[in-house]
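In case you want the letters, here they are:
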Amino acid sequence: MSDKADHQFVENVDAEKSLSPGIHSVDSDAEYLAAQNIEPIIRKMDLRILPVMSILYLMSFLDRTNIGNAKIAGMVKDLHLTDQQYNLCLTCFFFTYAAVEVPSNLMLKKFGAKVWLPFIMVLWGAACIGLGFTTDFATTLVARLALGLAEGGLFPGVTYFLSCWYPRSRMAFRIAFFFSAATVAGAFGGLLAYGIDHMNGIGGLRGWRWIFVIEGLLTVVVAFAAYFFIPHSPQRSLWLSEEDKRVLQYKMDHDGGHPVPFDDSFQWKYVRRGVLDWKLWINFVIYVTMLASLYSVALSLPSIIKGLGYTTTDSAQLHSVPPYIVAAVCVITSAWLADKYMRTPVICGMLIVAIIGWAIMISVKNLHARYAGVFLAAAGSYSAFPPMVALLTSNIGGKTKRATVIGIQVGIGGMAGTISSNIFRAKDAPKYKFGLTIDIILCVVALSFTIINFVAVTFANRQKQRDIDSGKAATYTRQELAEMGDASPYFKFQL
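Residues numbered from 1 in each chain as written. Predicted model: local features only at pLDDT ≥ 70, side-chain atom pairs only at ≥ 80, totals over all residues. Heavy atoms only, no water.

Caption draft 1: Quick look at a nonpolar patch on the surface. A contiguous nonpolar surface patch, about 620 Å² in accessible area, is contributed by Met107, Phe111, Val115, Tyr227, Phe228 and Phe229. Relative to the assigned elements, phenylalanine 111 resides in helix 5 (residues 101-111). (Patch = residues over 30% accessible without salt bridge, like charges linked within 9 Å, V, L, I, M, F, W, Y side chains within 5 Å. Areas by Shrake-Rupley, 256 points an atom, 1.4 Å probe, with all protein chains shown as cover. Salt bridge = Lys/Arg side-chain N within 4 Å of Asp/Glu carboxyl O. Helix = DSSP H or I, 4+ residues; strand = E, 2+ residues; numbered from the N terminus.)

See the structure below:
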């Protein structure tokens, strides 16, 4: 990873020297900062930032998906929910989740991650606790809507937060690290649900109610602790020296070899460029189809495993743990490979693994072979996701445009969960052939558009190089290059 990254961080010196003299001069201070090794700074940030963000996302994913564990522990029966009502309770979460993501990112920019993220954690922890005291379909629906409203700001908020700290060539591994908490949540959630369900009857509450109450209380406790561990910004961090701050600021301003810092002011033209960017909409299709497959694992894995033949509740809960453990390892490994080499081949490879997994579950009769398919589907679906998110965010220049693109992709794209929550229908149990077939189709579409994106970005990079070779790029002023963002010929898209 370091060889590729170091090249990217020093190539801006050559880029600046190739520009027209006088306008794009290189001073000695810039040469000094460009030559500095950023690795020690990255390690400091990793130790301070990634564990905190991972724990936050762990609690988020645990609280949004524990309804799957509660379902097989008796929730549907006790609340007299029909199949349609239960699916609606799953689906409604994503409506408020998607609606709040862009406004939440604006609030994060206003109040800072240190305040905003713990605040929304307390809110969704309270909503999760409320799910433990629902009495019917209506109260469950309201609690799930509230949960989505509170949780919606976390993933886009953390993604944007990381993009303000890390150079773009380092983003996939960092997104994967905190996103791997989702796979840990799946494993931990299954174990936790297995243990908590045995509290059945304590305090007059059924075991499935205790799942919501205890996990919600845990989230509130973590939220208060998080306030003291989330850093403000690089320039306000006490654990970075003044020299570290100067080097990091320079690397971020000239990320990927761009000779001048981008204009990061808020202007509506940058918002408009984000909305109209072709890269956003190609990646949007990839995001939706890939996330729908991922949520099929997250929301329905206990039921899927029960349908495979592990028929008791305890067996289904426990057998949902190992696939998540394997997926967590694959998520980190694939992201490391994506940052070190190329992201597109890793994404395509993991999507193919997921397709094979879903296909085994739908076509093979042997119980153990079908369970092996679960491992492949989980590992492939989860591992393809972080490099895909990093691929788009790394190819958007300028903070305003990037915030817009992230908000649209994660916000509207988050509605993919409405697909997953409705394709594993009770009437299709125990084989769930309909849902499994849809997941195969979704992965094939994601794979196809990933290839389309690769071809389009490759052609765009060739055009940028032609502008440099012809001398056209050298005619731009520093101000023009700053305002061009990722349209600048010196901003090469990552593959």
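After that view of the structure, there is still more to cover.
Caption draft 2: How the structure looks around the layout of surface pockets. There is about 730 Å³ of room inside the largest pocket. Lining of the largest pocket is provided by 36 residues; of these, Tyr160, Cys164, Trp165, Pro234 and Lys399 occupy positions nearest its centre. Put simply, the parts of the chain that give the lining of the largest pocket at least two residues each are helix 5, helix 6 (113-131), helix 8 (154-163), helix 11 (242-253), helix 17 (367-394) and helix 18 (399-413). Residues of the lining of the largest pocket, tallied by class, amount to 17 nonpolar, nine polar and 10 charged. (1 Å grid on protein atoms, 1.4 Å probe; cavity = no way out; pocket = protein on both sides within 12 Å on 5 of 7 lines; lining within 4 Å. Points joined across faces, edges and corners; volume = space filled by probe spheres on them. Nonpolar A, V, L, I, M, F, W, Y, C, P; charged D, E, K, R; others polar.)

Caption draft 3: Highlighting the confidence of the model for the protein chain. Summarising the model, the protein chain shows a mean pLDDT of 86, and 93% of its residues fall at 70 or more. Below a pLDDT of 50 lies the segment residues 1-26, which in the model reaches 64 contacts outside its immediate sequence neighbourhood of four places, other chains included. (pLDDT = per-residue confidence, 0-100. Contact = heavy atoms within 4.5 Å.)

Caption draft 4: Molecular detail of helix 15 (residues 321-340). Here helix 15 contains 20 residues, and its C-alpha end-to-end distance of 30 Å stays within 8% of the 28 Å for a straight helix at 1.5 Å per residue. Buried within helix 15 we find Val321, Pro323, Tyr324, Ala327, Ala328, Val331, Ser334, Ala335, Ala338 and Asp339. Summarising the axial view, the buried residues of helix 15 lie within an arc of 145°, below the 170-degree limit, and thus occupy one face. (Expected span 1.5 Å × (residues − 1). Buried < 20%, exposed > 50% of the residue type's maximum accessible area, 1.4 Å probe, protein only. Arc of directions from axis to C-beta.)

Caption draft 5: Broad picture of the side chain of threonine 393. Position of threonine 393 among the secondary structure elements: in helix 17. Of the polar contacts made by the side chain of threonine 393, one reaches the backbone oxygen of valine 389; its length is 3.2 Å. There is a polar contact of 3.2 Å between the side chain of threonine 393 and the backbone oxygen of alanine 390. Threonine 393 has contacts with Thr159, Met171, Arg402 and Ile406, leaving out every residue within four places of it along the chain. (Polar contact = N/O pair within 3.5 Å; in protein donor to acceptor, adjacent residues only side chain to side chain.)

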